[in-house]
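Chains, contacts and geometry: an overview
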Amino acid sequence: MSIDPLMVLASLGIGVVVGLTGMGGGALMTPVMVLLFNVPPLTAVSSDLVASAVMKPVGSFVHLRRGTVNLGLVKWLCLGSVPAAFCGVLVTRALGSGKEVQDAVQTALGVALLVAAAGLIIRAYLRLSERARRRDGSAEALPQDRPEVRMRPLPTVLVGAVGGLVVGMTSVGSGSLIIIALMALYPRLKASQLVGTDLLQAVPLVAAAALGHILFGDFKLGLTASLLLGAVPGVWVGAQLSSRAPGGVVRRALAFVLLASALKLLGVSTEVTGIALVAVALVAPVLWMLIRRRLGFPALAGRRARARLRRAQADGPLAEGPLAEGPLPQTES
């Protein structure tokens, strides 16, 4: 088993981003291995999933201990996601062998990254829209204790199955795709419970996908060890910095990187990728300012709002997740 120092450094940086934002592990780690280190796509997916299976339980058990997990939702999600994640590996193997399966995995990964980038944008918009409704008094007040939600078994199992299949094939989606669907199905859940539920259900999901890749994929022990050596301390550092860094800026940068990675994985030329990224960099901030104005906010978030948020975070941790709880302004807006 050989350790790659450059891979350790890369996974350290990605771990910091994961700690800062709560997402982005598979969405960043796998394309970095493929695009920068020339790791075959199937090998990258296999090693990333096994590394994630080691790291995932940490954050989920914290939420479980705090009571911010809906175990009923976890049960229905896992009913669909666990077998689908394992089957995702079998589907990948059924596509062929050698270059054929590598190309198929690379294409699937590119599509998954595009969806993940879109998910980040949707989360930011929903968060800002929720703030606007709460400010205007038109939003239903969030429950202060653990809310009783009406279970929707069939849609929840389907969400788990689709998410599990995507994760098994690409290693992307356990944090970025499933939580968007949970927001739509269970809008009354508090933000911390959405995140805690998603994290806990991701533990058996990723474990099933990792087992499938160990048995049928292209798992490399040395590569996985390099990922863990960098990512574990990186996540810890990122979590320590998360209360000070502007999370919205980090998430926007993450969406930009996901878009660039997706275009390259899908075989788009460097010239076209560059033009697309420049266009996004120029147009996206203007569109976001227009959205803010339409919802009744200043076009640019003020420094006073950021200072108020930092004071609030110093007094106590804010809820994590896609919807900010409370009237405090959020940095991602």
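What comes next is a walk through the structure. (Residues numbered from 1 in each chain as written. Predicted model: local features only at pLDDT ≥ 70, side-chain atom pairs only at ≥ 80, totals over all residues. Heavy atoms only, no water.)

Moving on: the packing of aromatic side chains. Here the structure, examined in full by the defined rule, presents 1 aromatic pair. Centroid distance Phe86 to Phe216: 6.1 Å. Interplanar angle 80 degrees. Geometry classified as edge-to-face. On the criterion of sequence distance, the pair formed by Phe86 in helix 4 (residues 71-94) and Phe216 in helix 8 (residues 191-216) is long-range, its members being 130 residues apart. Classification of Phe216 as partly exposed rests on a relative accessible area of 36%. The ring centre of Phe297 lies 4.7 Å from the NZ or CZ of Arg135, which sits over that ring. (Phe/Tyr/Trp six-rings, centres within 6.5 Å; stacked < 30°, edge-to-face > 60°. Helix = DSSP H or I, 4+ residues; strand = E, 2+ residues; numbered from the N terminus. Buried < 20%, exposed > 50% of the residue type's maximum accessible area, 1.4 Å probe, protein only. Lys NZ or Arg CZ within 6 Å of the ring centre and 35° of its normal.)

This next bit is on unusual backbone geometry. Backbone geometry at Asn38 places phi at a positive 55 degrees, although glycine is not the residue there. In this structure, Asn38 sits in the loop between helix 2 (25-36) and helix 3 (41-66). For Ser171, which is not glycine, the phi torsion reads 70 degrees and is therefore positive. For Ser171, a relative accessible area of 6% translates into the label buried.

A separate point is the environment of Asp103. Position of Asp103 among the secondary structure elements: in helix 5 (residues 99-136). The sequence separation of Asp103 and Leu266 amounts to 163 residues, and the corresponding C-alpha distance is 9.4 Å.

Formed by 28 residues in total, the largest nonpolar core has its most connected members in Leu49, Ile178, Leu182, Tyr186, Leu189 and Leu205. If you list the elements that add at least two residues to this core, you get helix 3, helix 4, helix 5, helix 6 (153-170), helix 7 (178-185) and helix 8. Each residue touching Tyr186, except ones within four places of it in the same chain, is listed here: Leu73, Val149, Arg150, Met151, Arg152 and Thr156. (Core = buried A, V, L, I, M, F, W, Y, C linked by side-chain atoms within 4.5 Å. Contact = heavy atoms within 4.5 Å.)

This next bit is on helix 5. Look at helix 5: 56 Å from first C-alpha to last across 38 residues, which is about the 56 Å you get at 1.5 Å a residue. Among the residues trailing helix 5, Gly137 stands out with phi positive, at a value near 80 degrees. (Expected span 1.5 Å × (residues − 1).)

Inspection of the entire model under this criterion finds 1 salt bridge. Note that Lys220 is salt-bridged to Asp218, the shortest N-O span being 3.6 Å. Overall, Asp218 belongs to the partly exposed group, its relative accessible area being 23%. (Salt bridge = Lys/Arg side-chain N within 4 Å of Asp/Glu carboxyl O.)

A few words now on the side chain of Gln102. The topology assignment puts Gln102 in helix 5. Polar contacts involving the side chain of Gln102 include one to the main-chain amide nitrogen of Leu42, which spans 2.8 Å. Apart from the residues within four sequence positions on either side, Gln102 is in contact with Pro40, Pro41 and Leu42. (Polar contact = N/O pair within 3.5 Å; in protein donor to acceptor, adjacent residues only side chain to side chain.)

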